[in-house]
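# Tertiary structure, described
As a plain string of letters, each chain reads:
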Amino acid sequence: MIEVMNFTKRYGDFVAVDDLSFTIGKGEVFGFIGPNGAGKSTTIRFLATLLRPTSGEGRVAGHSVVAEPMAVRRVIGFMPDDFGVYDGMKVWEFLDFFAVAYEIPLAYRKKIIGEVLELLDLTHKRDAYVNGLSKGMKQRLCLAKTLIHDPPVLILDEPASGLDPRARLEMKALLNELRGMGKTILVSSHILSELSDFCTSIGIIERGKLLAAGSIQEIQRRLRSHRVIKVRVLDESTDRAAAILRDDRGVHTVERYDHTVTAEFEGQDEDMARLLGRLITAGVTIQSFAEEPLSLEEVFMMITKGIVN
Amino acid sequence: MLIRDNPVLTRELLVNLRSPRAFALQVAYVAFLAAVVYFYWPPEAGGTSQVGPGKARRLFDLFFFGQFFLIALVAPTFAAGSITGEKERKTYEMLLSSPLQPTTILIGKLLGSLSYLVILIVSSLPLMILCFLLGGILLSEIARAYLVLVMAAVTFGLLSVGCSSIFRRTSSALMVSYLVILPSAVLCLWLTRSDPNNLVQREFVSFLTVAVLPPWCLALWTVVAIVISRRLLRPPDVGSEGKDVVDEEEELKYAIGVVIDRDLFPDKLFAPAKRTELMPDGTNPVLDKELRSEIFSQGTLMLRVVIQVSMVLSIPLMAFLLFVRWERAAYYVAYVLTFNLLVGPVFSAGSITQERERQTLSLLLTTLLTPRRIILAKLLAALRVSTVLTFLLTEQLFLAYFLVRELRDRIWTLLVFLLIIATTCLATTTIGLLCSTLSRRTSVAIVLTYMTLLALFIGPVGLDWYLQGFSFTPERLAALTITSPYSAAFSITMPLNRGTGFSIEQPNVPPPVLVELIPGLGLGLPVWAWFLMLYPPLCLVLFGVTYLAFRWRWWRAGGLG
């Protein structure tokens, strides 16, 4: 449904996106992940026909993003990461504006606006002014606008950024519902846990390069060799513990906070036991020594941090 | 703390003066003034020998008036954005929550925005002294002129900072500043004009400028400074980024003077009533949105101020220029044109940049709306508001042509005046829209529009005045002014008034100056005819350029990236 082929975008000497290629099949939910400034928004804007590539091509539902922007706009619903609303407009006027802009005839408009408001739980705000809505409401309104012409493809840039935990959960439930409706969704985020539940596949991007793409399990498996050890120390021997850990061959990075030392570790269970032994013989009073289970967020941190450092 | 180590001032100075552009502009300004003096320098003067005082005085006046108007025009462009800029960049609350005193902020903003202007004025001093060498001018006159210039700079700057603290957008602040400053600048010059040969009058004017003006200015500064400081100390316009929903009905309850009612004529001409039903098929949604929803998006304050000030000013002008001295009807038209010059760009110069600044452009551009429909809607909406507001001021013209017999006898001139005004509305809107498409920020677009319009509309008038000192034929001079609606209005000859030999039976109408643009063709037309022929096709071309620029810069070029 969505194909990106060797997409490159340069601004002068700066390469925002470098030779990016990936494919998203029909009905898939693709999580596009990367730190701020990685090139996610650039790629998304390219797919939303807002950006001309330096080189490369993209296709959405068989239409070229470069050559047939109008055909692409007809099949996508786009929600930018940062968007504003028009002043002096009520919720229904805002949706009517976009419905007319998407050439929906009057006969259907009333029904569709009602349905979309219902879906996003905004019916009670129908006559409220849009610039008086809270951030979460605005985000939902923008999603309503995105759905108004019932597009088969949704391109959502950071739909949950800046939302409080409840609004975040609600947004997640909504996206799940949209997935159930059979829509192909490209959704970007820098918060992986948000996506892990319902994404069928993910792509991790940093500094304009695609570092990993595929299903979540696949990527997790690839990174299993990295483990994180968390050591809690009782007294003032935290420094000593950190020094010993840093000294070890298998340890990559060490971070300490208060009485806790966290180490990124590469090795087998025996190596871990040996490390624990060294700490005890050095007289460190250990309260707990355990391996942290690898969350998707940490997977992401590991992949991306490697390049930044 | 107020001036030394004032962080606000330091920042403003850095931003305004650090750029190479500021230096280049200063060099260009001094070079321009030097060229004016060089070409004006009488060939017979040869060194320091003195010539007749007439020429020296003309040059002195040119410098003084030129710089006075430069201050009136440029001071607001720097100062009116000084506080609204903070609001637009969302740094206002950070600034206010700092331990800085309101006075410190105010002084920093004021001096920061005036510093560049003052540097420009001071750098013209050596050239002004040259006029002194020509003789006929006293050194005290030069000193007085600079005193007036500095006082004007501070007054106009302070008024603009005041507007900036009241309004939320630079465009509103800028326009209201101009609306307050330009009439007072003209009034100020008119009050202090003096006949160079009348010694008593000259003495009186110098008494005015040295003894009367400074204390009044000081009083005004104090009042404005107190008002601004209060607003900075307890800002009524922060919270929710200062842009909560504007409730029109609530606002109108507290409005002073004119209220705007969308259901009544003529208000509904520029602000049609809000929809209660969905739009019918085939509506241009952008046009509908601009007129019905967005026109009062920042409240009705700006429009109410504009309508009231322009109406109040028009009454004495009408009485004097259309009834007492009806042969000066063109001066009233000039007032209407100035109003449009100020108001027209505000509605068009922000139309594209504001979509960008409010981050709605990407929503708009991913719909199925074609760039042609978007741009056309923007043009029509801005043109409608600007034209209706401007034509509200022409009812006085209709009244005069109905009541004054001498004007009624030349009814065709009314038609030409109206055409000139309508053409000017079209020109200001089209140029504003072009600048909005080419700029990234509304404040830049508005200043760019004003500068372009000044170059097209006022520039030729100034050039004409300057070149009168040379031996050009009136036809050659008039040919330079066909881009100016002012020259077009003044080129419509009116019969001389009673006192100078008027009779109804044989109205004494001086022959118009005919301009032949293409020599040898024998097509001599007055300036107004050229003006009316020039602008419609020019606007069409500019609109085409705007369309292409919008298409390439925003619609397909990723200017949003």
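Residues numbered from 1 in each chain as written. Chains lettered and ligands numbered in written order. Predicted model: local features only at pLDDT ≥ 70, side-chain atom pairs only at ≥ 80, totals over all residues. Heavy atoms only, no water.

## A closer look at the overall build of chain B
For chain B, the helix and strand inventory stands at 25 helices and 2 strands. Residues counted as buried form 50% of the 561 residues belonging to chain B. Sequence-distant contacts in chain B: of pairs separated by 6 or more residues, those separated by 24 or more amount to 78%. Carbon and sulfur atoms make up 69% of the accessible area of chain B, which amounts to about 25,700 Å² in all. (Helix = DSSP H or I, 4+ residues; strand = E, 2+ residues; numbered from the N terminus. Buried < 20%, exposed > 50% of the residue type's maximum accessible area, 1.4 Å probe, protein only. Contact = heavy atoms within 4.5 Å. Areas by Shrake-Rupley, 256 points an atom, 1.4 Å probe, with all protein chains shown as cover.)

## Side note on the overall build of chain A
Counting its regular elements, chain A contains 11 helices and 14 strands. Projected onto its principal axes, the C-alpha coordinates of chain A cover approximately 80 × 45 × 35 Å. Taken across its 309 residues, chain A has 51% of its residues classed as buried. Counting only contacts in chain A whose residues sit at least 6 apart along the sequence, the fraction spanning at least 24 positions is 66%.

## Here's the deal with the interface of chain B and chain A
If you look at the interface, chain B gives 39 residues, while chain A gives 44 residues. Buried area between chain B and chain A, summed over both chains or domains, comes out near 3,900 Å², and the portion from carbon and sulfur atoms is 60%. Along the contact surface separating chain B from chain A lie 2 salt bridges. Ranked by residue count, the leading element in the side of chain B that touches chain A is helix α13 (residues 285-294) of chain B, at 5 residues. Taken together, the residues of the side of chain B that touches chain A sort by class into 15 nonpolar, 13 polar and 11 charged. (Buried area = accessible area lost by both parts, 1.4 Å probe. Salt bridge = Lys/Arg side-chain N within 4 Å of Asp/Glu carboxyl O. Nonpolar A, V, L, I, M, F, W, Y, C, P; charged D, E, K, R; others polar.)

## Concerning the pattern of salt bridges
Counting across every chain of the model gives 27 salt bridges over all chains. Asp-288 of chain B is paired through a salt bridge with Arg-292 of chain B; the nearest N and O atoms lie 3.2 Å apart. Taken together, the residues span about one helical turn, with Asp-288 of chain B and Arg-292 of chain B both in helix α13 at a distance of 4 residues. Between Lys-289 of chain B and Glu-355 of chain B there is a salt bridge; the shortest N-O distance is 2.6 Å. Of this pair, Lys-289 of chain B sits in helix α13 while Glu-355 of chain B sits in helix α16 (residues 353-357), and the two are 66 residues apart along the sequence. Like Lys-289 of chain B, the residue Glu-355 of chain B is buried in the burial classification. Sharing partners across several salt bridges, the network here consists of Asp-247, Asp-248, Asp-271, Arg-274 and Arg-278 of chain A.

## Considering the packing of aromatic side chains
Tallying each qualifying case throughout the model produces 20 aromatic pairs over all chains. With a centroid separation of 4.9 Å and 10° between ring planes, the pair formed by Phe-22 of chain A and Phe-30 of chain A is classed as stacked. Every member of this aromatic cluster is reached through a ring pair, and the members are Phe-64, Phe-65, Phe-68, Phe-69 and Phe-156 of chain B. Note that Lys-145 of chain A overlies the ring of Phe-98 of chain A, its terminal NZ or CZ placed 5.3 Å from the centroid. (Phe/Tyr/Trp six-rings, centres within 6.5 Å; stacked < 30°, edge-to-face > 60°. Lys NZ or Arg CZ within 6 Å of the ring centre and 35° of its normal.)

## As for the environment of Tyr-11 of chain A
Residues and elements named next belong to chain A. As for its placement among the helices and strands, Tyr-11 is situated in strand β1 (residues 2-11). In this structure Tyr-11 comes out as partly exposed when scored by relative accessible area, which is 35%. In this structure, the C-alpha to C-alpha distance between Tyr-11 and Ile-303, residues 292 residues apart in sequence, is 25 Å.

## As for the packing of helix α8 (residues 139-166) of chain B against helix α10 (residues 199-233) of chain B
Residues and elements named next belong to chain B. α10 packs onto α8 with a crossing angle of 20° between their chain directions and a minimal axis gap of 10 Å. By the criterion of interaxial angle, the relationship of α8 to α10 is roughly parallel. Of the two elements, α8 crosses α10, and the hand of that crossing is left-handed. Taken together, the residues of the contact of α8 with α10 break down into 17 nonpolar, 5 polar and 4 charged. (Axes fitted to C-alpha atoms, helices over the stretch in contact; angles between N-to-C directions. Parallel < 35°, antiparallel > 145°, perpendicular 65-115°, else oblique. Left-handed = near helix turned anticlockwise from the far one by under 90°.)

## What about the domain arrangement of chain B?
Residue and element names in this part refer to chain B. Annotation of chain B at the domain level lists domain 1 (7-41 + 51-241) and domain 2 (270-276 + 289-458 + 534-556). A separation of 27 Å is found between the C-alpha centroids of domain 1 and domain 2. Across the contact, 16 residues belong to domain 1 and 20 residues belong to domain 2. Both faces combined, the contact of domain 1 with domain 2 buries some 1,800 Å², and carbon together with sulfur accounts for 78% of it. Looking only at domain 1, the three residues that lose the most surface to domain 2 are Arg-169, Met-175 and Leu-179, adding up to 38% of its buried area. On inspection of domain 1 and its partner domain 2, the count reaches 0 salt bridges. Viewed at the interface, domain 2 and domain 1 are joined by 1 residue pair in polar contact (both at pLDDT 80 or more). Of all the elements in the fold, those that place two or more residues in the side of domain 1 that touches domain 2 are α3 (53-79) and α9 (170-191). (Domains from an automatic or database assignment. Polar contact = N/O pair within 3.5 Å; in protein donor to acceptor, adjacent residues only side chain to side chain.)

## Quick look at the sheet that holds strand β7 (residues 153-157) of chain A
Residues and elements named next belong to chain A. Strands sit in the order β6-β7-β8-β3-β9-β10 across an open sheet of 6 strands; the sheet is mixed. This sheet does not close on itself; its edge strands, each paired only once, are β6 (76-79) and β10 (209-214). Put simply, the sheet's adjacent strands are angled 15° from each other on average, direction ignored. Two strands pair when backbone bridges link them, and β6 and β7 are joined in this way by 4 bridges, in the parallel orientation. The residue of β7 that forms the bridge with Phe-78 is Ile-155. Docked against the sheet, helix α5 (residues 135-147) engages β6 and β7, running at close to 160° with respect to β6. (Pairing = 2+ DSSP bridges.)

## Focus on the environment of Thr-394 of chain B
Residue and element names in this part refer to chain B. Relative to the helices and strands, Thr-394 is located in the loop between α18 (371-391) and α19 (395-403). When the C-alpha positions of Thr-394 and Leu-414 are compared, they lie 10.0 Å apart, and in sequence the two are 20 residues distant. If sequence neighbours within four positions are ignored, Thr-394 has contacts with Val-336, Leu-418 and Ile-421. Separated by 2.6 Å, the side chain of Thr-394 and the backbone oxygen of Phe-391 make a polar contact.

## Some thoughts on the state of the cysteines
Scanning all chains against the criterion turns up 0 disulfides over all chains. Cys-163 of chain B forms no disulfide, and the closest cysteine sulfur to it belongs to Cys-217 of chain B, at a distance of 17 Å. (Disulfide = S-S within 2.5 Å.)

## Comments concerning the nonpolar core
Considering soluble globular proteins, one finds that nonpolar side chains tend to be buried as a cluster. Residues and elements named next belong to chain B. Ranked by size, the top nonpolar core spans 139 residues in total, and within it Phe-270 and Leu-389 carry the most contacts. The biggest single contributor to this core is helix α15 (residues 329-348), with 14 residues. Inspection of this core shows a minimum of three residues originating in each of domain 1 (7-41 + 51-241) and domain 2 (270-276 + 289-458 + 534-556). With sequence-adjacent residues up to four places away left out, Leu-389 is seen in contact with Phe-270, Leu-303, Ile-307, Phe-339, Val-343 and Phe-347. (Core = buried A, V, L, I, M, F, W, Y, C linked by side-chain atoms within 4.5 Å.)

## A word on the pairing of strand β9 (residues 201-206) of chain A
All names here are of chain A. With 6 of its 6 residues buried, β9 lies for the most part within the structure. What you see with β9 is no split at all: Ser-201, Gly-203 and Ile-205 on one side and Ile-202, Ile-204 and Glu-206 on the other are buried throughout. Pairing of β9 with β10 involves 5 bridges; the strand directions are antiparallel. Counterpart to Ile-202 in the pairing with β10 is Gly-214. Counting the residues in the hairpin turn of β9 and β10 gives 2 residues, including Arg-207, whose phi is positive at 50°.

## Remarks on the sheet that holds β1 of chain A
Residues and elements named next belong to chain A. One open sheet holds the 4 strands; their spatial order is β2-β1-β4-β5, and the pairing between them is antiparallel. Across the chains shown, the open sheet's two edge strands, defined by having one partner strand only, are β2 (14-24) and β5 (63-64). Sitting on the sheet, helix α1 (residues 40-47) touches β1, β2 and β4 (55-60), and the angle it makes with β1 is about 120°.

## Topic: the side chain of Asn-340 of chain B
Note on placement: Asn-340 of chain B falls in helix α15. For Asn-340 of chain B, the residues in contact, after removing those within four places along its chain, are Pro-345, Ser-386, Thr-390, Thr-424, Cys-425 and Thr-428 of chain B.

## Structural notes on helix α22 (residues 442-467) of chain B
Residue and element names in this part refer to chain B. A rise of 1.5 Å per residue sets the reference length of α22, with its 26 residues, at 38 Å; its end C-alpha atoms lie 36 Å apart and thus fit the reference within 8%. Maximum bend of α22: about 45°, positioned at Ile-458, with proline Pro-460 one to four residues after it. The set of residues buried in α22 consists of Thr-442, Ser-443, Ala-445, Ile-446, Thr-449, Tyr-450, Leu-453, Leu-454, Phe-457, Pro-460, Tyr-466 and Leu-467. (Expected span 1.5 Å × (residues − 1). Bend = angle between axes of the 7 residues up to and from the residue.)

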